Amino acid sequence: MKSVTYKIIEFVIIFLIIPISFAVPYSPWLKLSFGLLGFLYVIYILLRVEQLKFKVSKTIKWKPFWKITGIKLVLIAFLTTIFVWITDSESLFTVLLNKPLKWLMLLFIYSFFSVYPQELLYRTFFFKRYQSLFKNKSLFLLLNAVLFALAHLFFGSILVLVLTFIGGLLFAYTFKKTQSTLLVSIEHAIYGCWLFTVGMGSMLGFPT
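Quantities reported herein were computed from a predicted structural model and do not represent experimental measurements.

Student: I'd like to hear about the packing of helix α5 (residues 100-130) against helix α8 (residues 181-200), residue by residue, with values.
Tutor: Viewed as axis vectors pointing N to C, α5 and α8 meet at an angle of 135°, and their least axial separation amounts to 8 Å. Classified by the angle between their axes, α5 and α8 sit oblique to one another. Helix-helix and strand crossings are classified by hand; for α5 and α8 the assignment is right-handed. Between α5, through W103, L106, L107, Y110, S111, V115, Y116, Q118, E119, L120, R123 and T124, and α8, the contact on the second element is made entirely by T181, V184, S185, H188, A189, G192, C193, F196 and T197. Split into classes, the residues belonging to the contact of α5 with α8 amount to eleven nonpolar, eight polar and two charged.

Student: Which residues make up helix α7 (residues 158-178), and what values go with them?
Tutor: In this model, α7 (21 residues) spans 30 Å end to end at C-alpha, consistent with the 30 Å of a helix rising 1.5 Å per residue. When α7 is considered as a whole, its buried residues turn out to be V160, T164, G167, G168, F171, A172, T174 and F175. Axial view of α7: buried residues confined to an arc of 165°, hence all on one face. Along α7, the residues that are exposed and aim more than 90 degrees away from the buried face are I158 and K177. Here the buried face of α7 lies against α3 (62-87), α5, α6 (137-150) and α8. The N-terminus of α7 is capped by S157, whose side-chain oxygen sits 3.3 Å from the backbone nitrogen of L159. Once α7 finishes, Q179 follows within two positions and takes phi at roughly 55°, a positive value.

Student: Describe the side chain of E10, and please don't skip the residues or the numbers.
Tutor: Relative to the assigned elements, E10 resides in helix α1 (residues 4-22). If we ignore the near neighbours within four places in the chain, the residues touching E10 are Y41, I45, F125, R129 and Y130.

Student: Give me helix α2 (residues 28-49): which residues, what numbers.
Tutor: Compared with the 32 Å implied by 1.5 Å per residue over 22 residues, the 30 Å span of α2 between its first and last C-alpha is a close match. Of the residues making up α2, those classed as buried are K31, V42, I45, L46 and V49. Buried residues in α2, looked at end-on, bunch into an arc of 120°, giving them a common side. Exposed residues pointing more than 90 degrees away from the buried face of α2 are listed as W29, L32, L37 and R48. Packing partners of the buried residues in α2 comprise α1 and α5. By the N-cap criterion, in which a side-chain oxygen at the helix start approaches the backbone nitrogen of a residue two or three places on, α2 is capped by S27, the distance to W29 being 3.2 Å. A positive backbone phi angle near 55° is found at Q51, which sits one or two residues after α2.

Student: Explain the packing of aromatic side chains to me, using residue names and the numbers behind them.
Tutor: In the structure shown here, the tally under the stated rule is 24 aromatic pairs. Between F11 and Y130 the ring centres are 5.3 Å apart and the planes differ by 85°, which places this aromatic pair in the edge-to-face class. Of this pair, F11 sits in helix α1 while Y130 sits in helix α5; the two residues are 119 residues apart in sequence, bridging distant segments of the chain. Exposure remark for Y130: the relative accessible area of 1% places this residue in the buried category. The interplanar angle of 45° and the centroid separation of 4.9 Å between the aromatic rings of F108 and F112 together place this pair among those described as tilted. With F108 and F112 both in helix α5, this residue pair falls four residues apart, about one helical turn. Residue classification places F108 among the partly exposed residues on the basis of a relative accessible area of 48%. The exposure class assigned to F112 is exposed, which follows from its relative accessible area of 53%.

Here is what the cut-offs are and how they apply
- Residues numbered from 1 in each chain as written.
- Predicted model: local features only at pLDDT ≥ 70, side-chain atom pairs only at ≥ 80, totals over all residues.
- Heavy atoms only, no water.
- Axes fitted to C-alpha atoms, helices over the stretch in contact; angles between N-to-C directions.
- Helix = DSSP H or I, 4+ residues; strand = E, 2+ residues; numbered from the N terminus.
- Parallel < 35°, antiparallel > 145°, perpendicular 65-115°, else oblique.
- Left-handed = near helix turned anticlockwise from the far one by under 90°.
- Contact = heavy atoms within 4.5 Å.
- Nonpolar A, V, L, I, M, F, W, Y, C, P; charged D, E, K, R; others polar.
- Expected span 1.5 Å × (residues − 1).
- Buried < 20%, exposed > 50% of the residue type's maximum accessible area, 1.4 Å probe, protein only.
- Arc of directions from axis to C-beta.
- Polar contact = N/O pair within 3.5 Å; in protein donor to acceptor, adjacent residues only side chain to side chain.
- Phe/Tyr/Trp six-rings, centres within 6.5 Å; stacked < 30°, edge-to-face > 60°.

In structure tokens, the structure reads:
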């Protein structure tokens, strides 16, 4: 399971075949089954093959993380607010203002049941399994962002692909720098929750 050939086959199935297949119309129960089996496989590989220990590092540098994430959030908030105001002003903060309980519930579900599994797969697993196969680290980060965007192909939206590609770059860089699934998950949750809050939920597949 640690050979280059095995990893390449694994890579193609998990990060190319399965995500692309989700964009094809067939039974949602089959899609759910493939996704669940794939995720269980990832957990198995991380725990049994890579011997990964799921624990919060005591050396996490929280202060610089919050500072950098805060700066990026301000920029994202500014750009996305203008974007929603220009393209669909009626959606600007509409869920937050009109359905606050639903807003809170969706942010909780998204942060814990969507973000963390995504980061476990696309950052923790991806870096652990394939980083050693790439001499060019910039190319590796770019590939990670492209594949992260590809995972959202089933939305059928160019905007979603662009946003997830940009997000993929940010998250890949954060993980490379911190080596922390917790930190990159927090960052991912913050940006994703903001996009829903500002009024981009319907564009990104959130129930509104």
